[in-house]
Amino acid sequence: MPLEAGLLEILACPACHAPLKETSSKETSSTETSAEEQQQELLCTGKDCGLAYPVRDDIPVLLVDEARRPA
């Protein structure tokens, strides 16, 4: 389920304060290797940062420790 546009406009990366954009990544389940699920993320648009923050149960988790650095 996509985040509301108004919410996305006010959210910013906690590390560098750049705007975030909504993306989804495919993640292979560890219990079933054939099953793939889409995981929603908020990606930092800062060129030096680029952290991807997870969205769990339609709630953005904007913690730097929970973010992943995309390859």
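Predicted, not measured: the structure shown is a model, and the values here were computed from it.

> It is not clear to me how the pattern of salt bridges should be interpreted in this structure. Could you clarify?
Should their charged atoms come close, side chains of opposite charge can pair. On inspection of all chains with the given rule, the structure shows two salt bridges. For Arg56, the salt bridge identified is with Glu66, shortest N-O distance 3.0 Å. Linking Arg56 in strand β3 (residues 52-56) with Glu66 in the segment after β4 (59-60), this pair joins segments that are 10 residues apart in sequence. Assessed through its relative accessible area of 42%, Arg56 is described here as partly exposed.

> What is the right way to read the pairing of β3 from this model?
Residues in a regular strand point their side chains to alternate faces of the sheet. Among the five residues of β3, four are classified as buried, and the element is accordingly described as predominantly covered. As paired strands, β3 and β4 are joined by two bridges and run antiparallel to one another. In the sheet register, Arg56 faces β4, and the bridge partner there is Ile59. The loop that links β3 with its antiparallel partner β4 comprises two residues; one of these, Asp57, has a positive phi angle of about 55°.

> Help me understand the nonpolar core, please; the structure alone is not making it clear to me.
Soluble globular proteins: nonpolar side chains tend toward being buried together. Judged by nonpolar contacts, the single largest core of 13 residues is most densely connected at Cys13, Leu20, Leu42, Cys44, Cys49, Leu51 and Tyr53. Not counting residues within four places of it along the chain, the set of residues in contact with Leu51 comprises Ala15, Leu42, Leu43, Cys44, Val64, Ala67, Arg68, Arg69 and Pro70.

Basis of the calculations
- Residues numbered from 1 in each chain as written.
- Predicted model: local features only at pLDDT ≥ 70, side-chain atom pairs only at ≥ 80, totals over all residues.
- Heavy atoms only, no water.
- Salt bridge = Lys/Arg side-chain N within 4 Å of Asp/Glu carboxyl O.
- Helix = DSSP H or I, 4+ residues; strand = E, 2+ residues; numbered from the N terminus.
- Buried < 20%, exposed > 50% of the residue type's maximum accessible area, 1.4 Å probe, protein only.
- Pairing = 2+ DSSP bridges.
- Core = buried A, V, L, I, M, F, W, Y, C linked by side-chain atoms within 4.5 Å.
- Contact = heavy atoms within 4.5 Å.

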